[in-house]
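Single-letter residue listing:
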Amino acid sequence: MCLGNICRSPTAEAIFRKKLTERGIVAELDSAGTANYHVGHKSDSRSIHHAEKKGYSMTHLGRQVEVSDFHKFDLILAMDSANFSNLLKVCNDEKLKYKIKMMTDYCNDQSVKEVPDPYHGTAEDFEKVIDILENCVEKLISKHF
Ligand code: 4NP
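Because the structure is predicted, anything quoted here is derived from the model rather than measured. (Residues numbered from 1 in each chain as written. Predicted model: local features only at pLDDT ≥ 70, side-chain atom pairs only at ≥ 80, totals over all residues. Heavy atoms only, no water.)

Colleague: I would appreciate a short explanation of the packing of aromatic side chains in the present structure.
Modeller: For any two aromatic rings, the description comes down to two numbers: the centre-to-centre distance and the angle of the planes. The final tally for this structure, using the stated rule, is one aromatic pair. Judged by centre distance (5.8 Å) and plane angle (90°), the rings of F16 and F145 are edge-to-face. Residue F16 is located in helix α1 (residues 8–22), and its partner F145 is located in the segment after α5 (123–144); the two are separated by 129 residues in the primary sequence. For F145, a relative accessible area of 45% translates into the label partly exposed. A cation sits over an aromatic face here: R46 above Y119, 5.5 Å from the ring centre. (Phe/Tyr/Trp six-rings, centres within 6.5 Å; stacked < 30°, edge-to-face > 60°. Helix = DSSP H or I, 4+ residues; strand = E, 2+ residues; numbered from the N terminus. Buried < 20%, exposed > 50% of the residue type's maximum accessible area, 1.4 Å probe, protein only. Lys NZ or Arg CZ within 6 Å of the ring centre and 35° of its normal.)

Colleague: For this particular structure, what's the right way to read unusual backbone geometry?
Modeller: Peptide bonds are, in most cases, trans, and in most cases residues other than glycine have a negative phi. Phi at N5 is positive, roughly 60°, even though this residue is not glycine. The topology assignment puts N5 in the segment before α1. For N5, a relative accessible area of 0% translates into the label buried.

Colleague: Mind showing me how you'd approach the side chain of K99 here?
Modeller: Tracing the backbone through its elements, the reader meets K99 in the loop between α4 (81–90) and β2 (100–102). Put simply, K99 is tucked away with no salt bridge, and the nearest opposite charge, on D74, sits 4.8 Å away. Side-chain polar atoms of K99 contact the backbone oxygen of H71, separated by 3.5 Å. (Lys, Arg positive; Asp, Glu negative; His and termini not counted. Salt bridge = Lys/Arg side-chain N within 4 Å of Asp/Glu carboxyl O. Polar contact = N/O pair within 3.5 Å; in protein donor to acceptor, adjacent residues only side chain to side chain.)

Colleague: Could you clarify how one ought to interpret the nonpolar core in this entry?
Modeller: Within soluble globular proteins, side chains that are nonpolar generally end up buried alongside one another. Core analysis: the largest hydrophobic core is formed by 26 residues, its most contacted members being F16, M79, M103, V115 and L133. If you list the elements that add at least two residues to this core, you get α1, α2 (45–53) and α5. Looking at this core element by element, the count peaks at eight residues for α5. With sequence-adjacent residues up to four places away left out, M103 is seen in contact with A12, L77, A78, M79, V115, L133, C136, V137 and L140. Listed in part, the twelve residues of the second largest apolar core include A32, F73, A78 and L96. (Core = buried A, V, L, I, M, F, W, Y, C linked by side-chain atoms within 4.5 Å. Contact = heavy atoms within 4.5 Å.)

Colleague: What am I meant to see in the site of the ligand here?
Modeller: Within the structure, the ligand sits among C2, L3, G4, N5, I6, C7, R8, Y37, H38, D117 and Y119. N5 is positioned such that a nitrogen or oxygen atom in its backbone is 3.1 Å from an oxygen atom of the ligand. Measuring from an oxygen atom of the ligand, one finds a side-chain N or O atom of D117 at 3.5 Å. Among the residues making up the shell around the ligand, the classes are represented as six nonpolar, three polar and two charged. (Near = heavy atom within 4 Å. Nonpolar A, V, L, I, M, F, W, Y, C, P; charged D, E, K, R; others polar.)

And the structure:
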């Protein structure tokens, strides 16, 4: 889960999907934004470009998080603390809030506290997002799958 659902969370979804497929693991994955600016939009062309360079295919169309997501999914991963706080507000069932975690809880480098928003950044910022997410997704898979 990120803000616009066109940069960080669809990148995370693409990385997660590829790594699970490589391991023959079947799981339901999706991504969403806490904002609605990019509902129905393709991912940011810069995210698609940098992901493709590393072999990840991004086909997601933007959507906004829904209350039903907290029922449907076992784990809801926020890319930064602002999105984490917003997810806690959107989730109207106290008993489901335990599902919301920070993606960087799974980062090997615990000095990384958030997946930084690359939207106003440079090519290096988009590559950094992929590096952080690859690291988190590896650990996430080894822990939960
Ligand atoms: P994301 O990046 O939350 O990683 O998808 C952003 C995308 C769009 C905007 C901000 C961040 N925006 O302001 O439109």
